[in-house]
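Here's the letter readout for the chains.
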Amino acid sequence: MKRAFVTGVTGQDGAYLSRLLLEKGYEVYGLVRRSSSAEIVDTKLRWLKIQNDIRFIDGNLLDTSALNRAVRDVKPDEVYNLAAQSFVKSSWSQPLLTSQVTGIGALNVLEAVRLEAPQARFYQASSSEMYGLVQEPIQNEKTPFYPRSPYGVAKMFAHGMTVNYRESFGLHASSGILFNHESPVRGIEFVTRKVTDGVARIKLGVEKELRLGNIDAKRDWGHSNDYVRAMWLMLQQDTPDDYVVATGRTTTVRDMCRIAFDHVGLKMDDHLKIDPALFRPAEVDILLGNPGKAKKKLGWEAMISLEEMIREMVDADLQRVSRQIKDARS
Ligand code: NDP
Ligand code: GDP
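Residues numbered from 1 in each chain as written. Chains lettered and ligands numbered in written order. Predicted model: local features only at pLDDT ≥ 70, side-chain atom pairs only at ≥ 80, totals over all residues. Heavy atoms only, no water.

A word on the side chain of Glu129
Keep this limit in mind: The secondary structure listing takes helices from DSSP runs of H or I that are at least 4 residues long and strands from runs of E that are at least 2 residues long, numbered from the N terminus. Here a residue-residue contact requires only that any non-hydrogen atoms of the pair lie within 4.5 Å.
On the secondary structure map, Glu129 appears in the loop between strand S5 (121-127) and helix H7 (150-169). Once residues within four sequence positions are removed from consideration, Glu129 is found in contact with Val88, Pro147, Arg148, Ser149, Tyr151, Gly152, Arg219, Val284 and Leu287.

Quick look at the site of ligand 1
Note the following rule: We call a residue near a molecule or strand whenever a single non-hydrogen atom of that residue lies within 4 Å of it. Polar contacts, as counted here, are pairs of nitrogen or oxygen atoms within 3.5 Å of one another; within protein the pair requires one atom able to donate a hydrogen and one able to accept it, and residues that are adjacent in sequence qualify only if both atoms are side-chain atoms. Residue exposure ignores everything except the shown protein chains as possible cover, and the areas themselves are Shrake-Rupley values with a 1.4 Å probe. Classification used: nonpolar for Ala, Val, Leu, Ile, Met, Phe, Trp, Tyr, Cys and Pro, charged for Asp, Glu, Lys and Arg, polar for all others including Gly.
The local shell around ligand 1 holds 23 residues, among which Thr10, Asp13, Arg33, Ser86 and Tyr151 are the closest. Within the backbone of Leu82, an N or O atom sits 2.9 Å from an oxygen atom of ligand 1. With respect to ligand 1, the side chain of Lys155 contributes an N or O atom lying 2.8 Å from an oxygen atom. Protein contacts shield 88% of the accessible area of ligand 1, which totals 900 Å² for the unbound molecule. If one sorts the elements of the shell around ligand 1 by residue count, S5 sits on top with 3 residues. In the shell around ligand 1, the residues fall into 9 nonpolar, 10 polar and 4 charged.

A look at the site of ligand 2
Put simply, the rule is: All the domain ranges listed were derived from an automatic or database domain assignment.
Close to ligand 2 lie 17 residues, the nearest being Lys194, Gly213, Arg219, Arg280 and Glu283. At a separation of 3.1 Å, an oxygen atom of ligand 2 approaches a polar side-chain atom of Glu129. Between Gly213 and ligand 2, the recorded distance is 2.8 Å, taken from a backbone N or O atom to a nitrogen atom. Burial of ligand 2 by the protein amounts to 96% of the accessible area it has alone, namely 530 Å². Looking at side-chain class alone, the shell around ligand 2 contains 8 nonpolar, 3 polar and 6 charged residues. A domain split of the shell around ligand 2 shows at least three residues from each of domain 1 (3-182 + 221-245) and domain 2 (191-219 + 251-286 + 306-329).

Structure, rendered in structure tokens:
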């Protein structure tokens, strides 16, 4: 039986990846940071009904002794580093923490692997945010990086270290440059989930309006369930490498939002308000990835369309908000 060690196991991708690995017969060990609200830590894993199938390990990306011990004890065949301060907007208010967790944290995991399990295969969660002010209209593995946020800069450091550890120490270290991907367990602060939750609240009469910032921004949005398959495939290759994981289609925030309103039979223009406070100090105007290499080498492609995903997310939020209303009444 193969053993996987997953950091960020309580996050969106941690949940979907763990479900995939469990289905494939892996033992899954997940790093969990201590929280005073232990009852909400595994919400995403509970949504996928796998909370009892993960072996949790207490730790933190910033605590190298805990990380080294975890990797030594687990003796993993595969290590997936998904943990990060992952919200771009917060990276301006918490630039040092973001650099430490998202940047140095990845190096801490690489060091733990190099010292304690050098035969293990390593995956780094790199991001299309590294392209930032895009240098080519369609981004591929060779497109130069130009990050536009402390998050993007930190991810670039982690990406560079992953390549460096592969080249310096011969680690089987791969990096997935993943474009935005979402699901019903996406964090509520990200724009897709903010929209689907907002639409559900308006539909159920809890709210009247939805406030957004720059709705002209364009993103290449896919589904987490598709994207975690690409992570696993990267670690099944004989040779480690870097891959863009994207759909090859880009959509404005405005059009994504319209899909959500249309799904519940509401008119977007009746409810959407633009709030200048939600604009960012520096914006990534457009992202559009070329997943050609992942298709050719991994046989991977996205299966779930943006429309299907947004409808799934709206339906999940209608279910959640209805339950909240019921609980509040009883
Ligand atoms: P989430 O924000 O949902 O999950 C982040 C995870 O990291 C959570 O489990 C969180 O724990 C954990 N974490 C945060 N800080 C620490 C720390 N100091 N020590 C240990 N764990 C910590 O992100 P996603 O699942 O969406 O993304 C997974 C990875 O992929 C991230 O690295 C993200 O930056 C990257 N990525 C995501 C993209 C996307 O569109 N989703 C696109 C490209 C890259 P807790 O539950 O306690 O908060
Ligand atoms: P990001 O691409 O990782 O920053 O993912 P987000 O989902 O946070 O943001 C995607 C895009 O939506 C960015 O260009 C944001 O500026 C834009 N956006 C517009 N309004 C909002 C909002 O209210 N919240 C968020 N999170 N993003 C918004």
